[in-house]
Amino acid sequence: MADRYQQFTNSPVGKFVVGKLGLPSPTPLRRYQPGQPLLEGPALVGAAPGGRLEKTVTEQLRGAGVEIATSATAGSSYSALVFDATGISDPKQLRELHSFFQSTIKQVGTCGRVVVLGTPPEQAKSTRERVAQRGLEGFTRSVAKELRNGATAQLVYVAPGSEGATESTLRFVLSAKSAFVDGQVIRVGTAGAGGATGTTPADWDKPLDGKVALVTGASRGIGASIAEVLARDGAHVVAVDVPAQGADLSAVANAVGGSALQLDVTAEDTPAKLVEYFAERHDGLDIVVHNAGITRDKKLANMDSARWDSVISVNIDSQLAINDALLESSVLRDNARFIGVSSIAGIAGNLGQTNYGTSKAAVIGMVEGTAPAVAERGATFNAVAPGFIETRMTAAIPVTIREPARRLSTLAQGGLPVDVAETIAWYANPASAAVNGNVVRVCGQAMIGA
Ligand code: NAD
């Protein structure tokens, strides 16, 4: 469903009307195109005294072709502001944030990026340091709300010892791949297997070369986009969907040079069939994306048990059964990646969606419960929590709910399936081995939802 309001606001008449009436004016977001530079212009990098990340991050960014500025110049525009706040060990030192950002925030360019780097509060060495580091969340989320013109802000907590494991995350949050991710807190190196840095891809444009990926619900919508993006990054994608979606499924698989597998994820024999298929046809499996999901909305008082059961079955039960079968078999290759698809309805709840909200919160439980265990075998388990994404699912929402849902986010627009897919591709990257146990919202900092 086209966002006609956004089209209007970007026309000459629309710009005039929106300016006069003070209406939301969604900026067309910069999205990734192959060959595009990480940033269009320079990044200003700063640090509080004693920061442990500034040097490594500067090297990583220079290596990625980013022009670095170390002191602000009046009148310059920056594509990114990156601030290492790990040196802040007392709330009084939070003033360093004010000193760095107060004047430079106005210099962030269109679709620019703000990234604050911190120490996970629970790993602070003192209570005062913990308090100060926790404060970074409120700062970053508020900055995200103040930025304009499609710019975003994220906080990345990096565990001590994981300084070298940040590159895939920086490349994601700074690039156009994170267009609809805003106001998020990301953790690197916190969930088990401390110190895992992962493998730097030989080619950052094809990080998934040689990998085999399973994507469920891949015949359309977000799943089709995940298949495209993982294939673009070099993976062989096995696209799964129900037999009724067979024609669309084959079209997606053919378009990405992958394989189509018609399966209902809830069937009792599906987990065993998947294990057999990947062992025989692909000699293993690297990436598992549990994207298949359904809604059967009704207020709880009107919800029959069939609606409840079907949502729980597709959105969580089937995924646990598949995980168990894969983890018990020898089909998973080293450094495997499990990725769940939650929803902001699973974080904040949603009217008419007690079944769906339950299942999507349970997906977060699956991440929390499984991430530390899979870390022991070098694997990771993360999830995305999409907000309003332009798909058939959201096109079916009545217009009176759809319009505010689109507009009530910091970016004042819905996201695209590709925004969810890019976030999943970041988790899947072999260099993201220390990115484990995260649930990152892809919601443009939606105010509906959490
Ligand atoms: P969609 O309905 O367009 O696609 C879902 C796909 O899953 C369909 O192709 C469907 O056939 C498949 N599927 C359903 N049951 C299945 C089963 N038993 N076995 C195999 N495949 C099955 O939905 P979408 O909008 O692309 O959503 C994809 C995921 O993203 C879902 O998990 C959804 O809950 C989640 N999500 C979507 C949004 C949004 O705004 N669209 C927001 C939050 C979360």
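Just so it is clear, the model here is predicted, and its values are computed rather than measured. (Residues numbered from 1 in each chain as written. Predicted model: local features only at pLDDT ≥ 70, side-chain atom pairs only at ≥ 80, totals over all residues. Heavy atoms only, no water.)

Here we look at the packing of aromatic side chains
In the structure shown here, the tally under the stated rule is eight aromatic pairs. Relative to Phe-101, the ring of Phe-100 has its centre 4.8 Å away and its plane inclined at 90°; by these criteria the two rings are edge-to-face. With 5.2 Å between their ring centres and 85° between their planes, Tyr-277 and Phe-278 make a pair best called edge-to-face. The pair formed by Tyr-277 and Phe-278 is uniform in burial state, with each residue classed as buried. Among the aromatic residues, those joined into a cluster by ring pairs are Phe-83, Phe-100, Phe-101 and Phe-139. The residue whose ring lies beneath Arg-171 is Trp-204, and the NZ or CZ to ring-centre distance is 4.1 Å. Above the plane of the ring of Tyr-32 lies Lys-177, whose end atom (NZ or CZ) is 4.4 Å from the centre. (Phe/Tyr/Trp six-rings, centres within 6.5 Å; stacked < 30°, edge-to-face > 60°. Buried < 20%, exposed > 50% of the residue type's maximum accessible area, 1.4 Å probe, protein only. Lys NZ or Arg CZ within 6 Å of the ring centre and 35° of its normal.)

Comments concerning the site of the ligand
Around the ligand there are 28 residues in total, and Ile-222, Asp-241, Asp-264, Asn-291 and Tyr-356 lie nearest to it. Interatomic distance of 2.6 Å between a side-chain N/O atom of Tyr-356 and an oxygen atom of the ligand. Measuring from an oxygen atom of the ligand, one finds a side-chain N or O atom of Lys-360 at 2.9 Å. Alone, the ligand offers 830 Å² of accessible surface; in the complex the protein occludes 93% of this. Put simply, the parts of the chain that give the shell around the ligand at least two residues each are α7 (221-232), α12 (354-375) and α13 (392-395). (Near = heavy atom within 4 Å. Polar contact = N/O pair within 3.5 Å; in protein donor to acceptor, adjacent residues only side chain to side chain. Areas by Shrake-Rupley, 256 points an atom, 1.4 Å probe, with all protein chains shown as cover. Helix = DSSP H or I, 4+ residues; strand = E, 2+ residues; numbered from the N terminus.)

Concerning the packing of helix α6 (residues 167-174) against helix α15 (residues 417-428)
The description of two packed helices rests on the angle between their axes and on the distance between the axes. The N-to-C vectors of α6 and α15 enclose an angle of 165°; their axes lie 10 Å apart at closest approach. Taken as axis vectors, α6 and α15 run roughly antiparallel relative to one another. Crossing hand, α6 versus α15: right-handed. Contacts between α6 and α15 involve Ser-168, Thr-169 and Phe-172 from the first element and Glu-422, Thr-423 and Trp-426 from the second. In terms of residue class, the contact of α6 with α15 is built from two nonpolar, three polar and one charged. (Axes fitted to C-alpha atoms, helices over the stretch in contact; angles between N-to-C directions. Parallel < 35°, antiparallel > 145°, perpendicular 65-115°, else oblique. Left-handed = near helix turned anticlockwise from the far one by under 90°. Contact = heavy atoms within 4.5 Å. Nonpolar A, V, L, I, M, F, W, Y, C, P; charged D, E, K, R; others polar.)

Here's the deal with the environment of Val-158
Along the chain, Val-158 turns up in strand β5 (residues 152-158). Residue classification places Val-158 among the buried positions, given a relative accessible area of 0%. Along the backbone, Val-158 and Val-188 are 30 residues apart, and their C-alpha atoms lie at a distance of 4.8 Å. If we ignore the near neighbours within four places in the chain, the residues touching Val-158 are Arg-52, Leu-53, Gly-118, Thr-119, Pro-120, Glu-163, Thr-166 and Val-188.

A closer look at the sheet that holds strand β13 (residues 439-442)
On the basis of which strands lie adjacent, the open sheet formed by seven strands has the order β9-β8-β7-β10-β11-β12-β13 and parallel pairing. Every interior strand has two partners, whereas the edge strands, β9 (259-262) and β13, have only one. With strand direction ignored, the average angle separating the axes of adjacent strands in the sheet is 20°. Across five bridges, strand β7 (residues 212-216) lies against strand β8 (residues 236-241) in parallel orientation. For Leu-214, the partnering residue across the bridge sits in β8 and is Val-238. Contacting β8 and β9, helix α8 (residues 246-255) crosses the sheet at an angle of about 160° to β9. Together, β10 (285-290), β11 (332-341), β12 (380-386) and β13 form the strand contacts of α15, whose direction differs from that of β12 by roughly 165°. (Pairing = 2+ DSSP bridges.)

A word on helix α3 (residues 54-63)
Those residues of α3 that sit buried are Val-57, Thr-58, Gln-60 and Leu-61. Take α3 and look down its axis: the buried residues cluster within an arc of 165°, on one side only. Away from its buried face by more than 90 degrees, α3 exposes Lys-55, Glu-59, Arg-62 and Gly-63. The secondary structure elements touched by the buried residues of α3 are β1 (43-47), β2 (68-69), β3 (78-84), β4 (108-118) and α6. (Arc of directions from axis to C-beta.)

Thoughts on α12
Along an α-helix, residues three or four positions apart point the same way, because every turn accommodates 3.6 residues. Between the first and last C-alpha of α12 there are 32 Å, a value that for 22 residues agrees with the 32 Å anticipated at 1.5 Å per step. Approximately 30° is the largest bend angle found in α12, and it occurs at Gly-369, with the proline Pro-372 only one to four residues beyond. (Expected span 1.5 Å × (residues − 1). Bend = angle between axes of the 7 residues up to and from the residue.)

Considering the domain arrangement of the chain
Split by domain assignment, the chain resolves into domain 1 (39-188) and domain 2 (212-442). Using only C-alpha atoms to locate each centre, domain 1 and domain 2 end up separated by 29 Å. Across the boundary between the two partners, domain 1 contributes 19 residues, which contact 23 residues of domain 2. It is Ser-168, Lys-177 and Phe-180 in domain 1 that bury the most area against domain 2; as a group they hold 40% of the surface buried on that side. For the pair domain 1 and domain 2, the number of links is five residue pairs in polar contact (both at pLDDT 80 or more). Elements that contribute at least two residues to the side of domain 1 that touches domain 2 include exactly α5 (127-146), α6 and β6 (184-188). Considering every element that reaches the side of domain 1 that touches domain 2, the biggest residue donor is β6, with five residues. Of the residues assigned to the side of domain 1 that touches domain 2, the class counts are 10 nonpolar, five polar and four charged. (Domains from an automatic or database assignment. Buried area = accessible area lost by both parts, 1.4 Å probe.)

Remarks on the sheet that holds β1
Sheet architecture is open: six strands sit in the order β2-β1-β3-β4-β5-β6, paired in parallel fashion. Each having just a single partner strand, β2 and β6 make up the two edges of the open sheet. Pairing between β1 and β2: two bridges, direction parallel. Of the residues in β2, the one forming a bridge with Leu-44 is Ala-69. Of the strands in this sheet, β1, β2, β3 and β4 touch α3, which is tilted by about 165° from β1. This element, α6, spans β3, β4, β5 and β6 of the sheet and lies at about 150° to β4.

Here's the deal with the packing of α7 against α15
In the contact formed by α7 and α15, the axes pass within 8 Å of each other and the chain directions differ by 45°. Overall, the two elements α7 and α15 adopt an arrangement that is oblique. Crossing geometry of α7 relative to α15 is assigned as right-handed. The segment α7 lies against α15, with Gly-221, Ile-222, Ser-225, Ile-226, Val-229, Leu-230 and Arg-232 engaging Pro-417, Val-418, Val-420, Ala-421, Glu-422, Ile-424, Ala-425 and Ala-428.

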